[in-house]
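# Residue-level structure breakdown
Listed below are the residues making up each chain.
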Amino acid sequence: MKRRDILTAAGVGLAATALAGCNDKSEKPAAGDSKQASEQQTFNWKMVTSWPKNFPGVGVGAERFANLVNEMSGGRLTVKVYAAGELVPALEVFDAVSRGTAEMGHGAPYYWKGKVPAAQFFCALPFGPNAQEMNAWLHRGGGMQLWEEVYKPYGVLPMACGATGVQTAGWFNKEINSVEDFQGLKMRTPGLGGEVLTKMGGTVVNMPAGEIFTALQTGAIDATEWIGPYNDLALGLHKASKYYYTPGWQEPNVTFELDVNLKAWETLPDDLKAIVRAAARDVNGDMLDDYNAKNMEALEQLREQGVEVRRLPDEVLARLKEVAAEVVDASAKADPVAAKVWEQQSAYLERLYAYAELNEKDIYNIRG
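Per an unreviewed UniProt entry, the protein chain goes by C4-dicarboxylate ABC transporter and derives from Stutzerimonas stutzeri KOS6.

## Some thoughts on unusual backbone geometry
Trans peptide bonds make up most of the peptide bonds, and negative phi angles are found at most residues other than glycine. Note that the residue after Thr 246, namely Pro 247, is joined by a cis bond; omega there is -10°. Positive phi, normally seen in glycine, also occurs at Asn 54, with a value near 55°. If you trace the backbone, Asn 54 turns up in the loop between strand S1 (43–49) and helix H3 (58–72). What makes Asn 54 partly exposed here is its relative accessible area of 46%. In this structure, Phe 127 takes a positive phi of about 55° despite not being glycine. Among the secondary structure elements, Phe 127 is positioned in the loop between strand S3 (104–107) and helix H5 (131–140).

## Thoughts on the UniProt feature "binding site: Na(+)" (unreviewed entry) in the protein chain
Using the residue numbers shown here, the UniProt feature "binding site: Na(+)" (unreviewed entry) corresponds to Trp 226. When sequence neighbours within four positions are dropped, the list of residues in contact with Trp 226 reads Trp 51, Phe 55, Tyr 111, Gln 167, Arg 188, Ala 209, Ile 212, Asn 231, Asp 232, Leu 235, Leu 237 and Glu 251.

## Thoughts on the environment of Cys 161
In this structure, Cys 161 sits in strand S4 (residues 156–163). When the C-alpha atoms of Cys 161 and Gly 107 are compared, they prove to be 9.0 Å apart, with 54 residues separating the residues in sequence. Those residues in contact with Cys 161 that lie beyond four places of it in its chain are Phe 65, His 106, Phe 256, Glu 257, Leu 258, Ala 280, Val 283, Asn 284 and Met 287.

## A few points about the UniProt feature "binding site: substrate" (unreviewed entry) in the protein chain
Residues annotated in UniProt with the feature "binding site: substrate" (unreviewed entry) correspond here to Gln 167, Arg 188, Glu 225 and Glu 251. Over a stretch of 85 residues, the named residues converge on one spot in the fold, their C-alpha atoms separated by at most 14.4 Å. Structurally, the position occupied by Arg 188 is in strand S6 (residues 186–188). Excluding anything up to four places from it in sequence, Arg 188 contacts Tyr 111, Val 205, Met 207, Ile 212, Ile 221, Ala 223, Thr 224, Glu 225 and Trp 226. For Glu 225, the location among the structural elements is in the loop between strand S8 (223–224) and helix H9 (229–235). Classification of Glu 225 by relative accessible area gives buried; the value is 0%. Not counting residues within four places of it along the chain, the set of residues in contact with Glu 225 comprises Gln 167, Thr 168, Ala 169, Gly 170, Met 187, Arg 188, Thr 189, Pro 190, Gln 250 and Glu 251.

Rules and cut-offs
Residues numbered from 1 in each chain as written. Predicted model: local features only at pLDDT ≥ 70, side-chain atom pairs only at ≥ 80, totals over all residues. Heavy atoms only, no water. Helix = DSSP H or I, 4+ residues; strand = E, 2+ residues; numbered from the N terminus. Buried < 20%, exposed > 50% of the residue type's maximum accessible area, 1.4 Å probe, protein only. UniProt positions renumbered as here; feature names shortened; annotations may be inferred. Contact = heavy atoms within 4.5 Å.

So, in structure tokens, the structure goes:
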């Protein structure tokens, strides 16, 4: 009896030891097991946008981003795209991502300048950098680090995700022959360009793409700029306005952004983070290619339909440039974060402009 009791006790002890070993393994999985588990996890994210569904250029670019992520991740990260108004209004994309209503957003940084004054410096500057110069500053000149720093307090991670290249000055229901013609002009134009218009005596009316045609046709606004021939033709703006002016002084380029909720971002394994970044960079370049090709084709179609393309008078452009310099400096001084961004950005852009003056500008002039 004693011998049997001793054997039984020993068996219980061995079983307890074995069970403790199992529990210890479950609490401290091997590094390889943890990595494998994270690679098997799937994520289903929402992306809200500022654009109509499948709108040429910007809307198509947002869809392309989602498709790239879905494909490259093998379905581990799926992104469902919501057009403006489907989940949140067009101009509330940043807030939705910041709150976590959606994990991602696609829009234009100057749409939320009321909340983040420095945001517009990452988007478009009147008489400022073109797409290549803006990309150089963002990706090689420290711009992205500043952008991330500016958005971090809002729980948002930004990435450049699309560019328009040089835009047009826009559509007008009256001729622009002098500086005085801006007095009382009601125009849809956002960002720093809009502030220039205000200082010129005009009135800025902000609205999303889907409302522009009706506002122009009914006279709610006298003029609008949207992006360029590619998108303007898609909106039918040539049917609501008579005069089409160039050049796009207010937006030599617009950089669009991918916004990612920081808390959601931190849940992704490193390989999925790399896929998101790679897809954003791909769309950033691909959208510019799309605009360069389609603007040319769309302008040909507009001219075939009788649209008269005019250039703003030199006197008007010279005054716009003077006012733009005043507006940009004043906007930077009004916000300490914007001031920091503009100090670094302007110094870098001066170097880029010096090279363009020496080389690119000359070849464009010679080429004719």
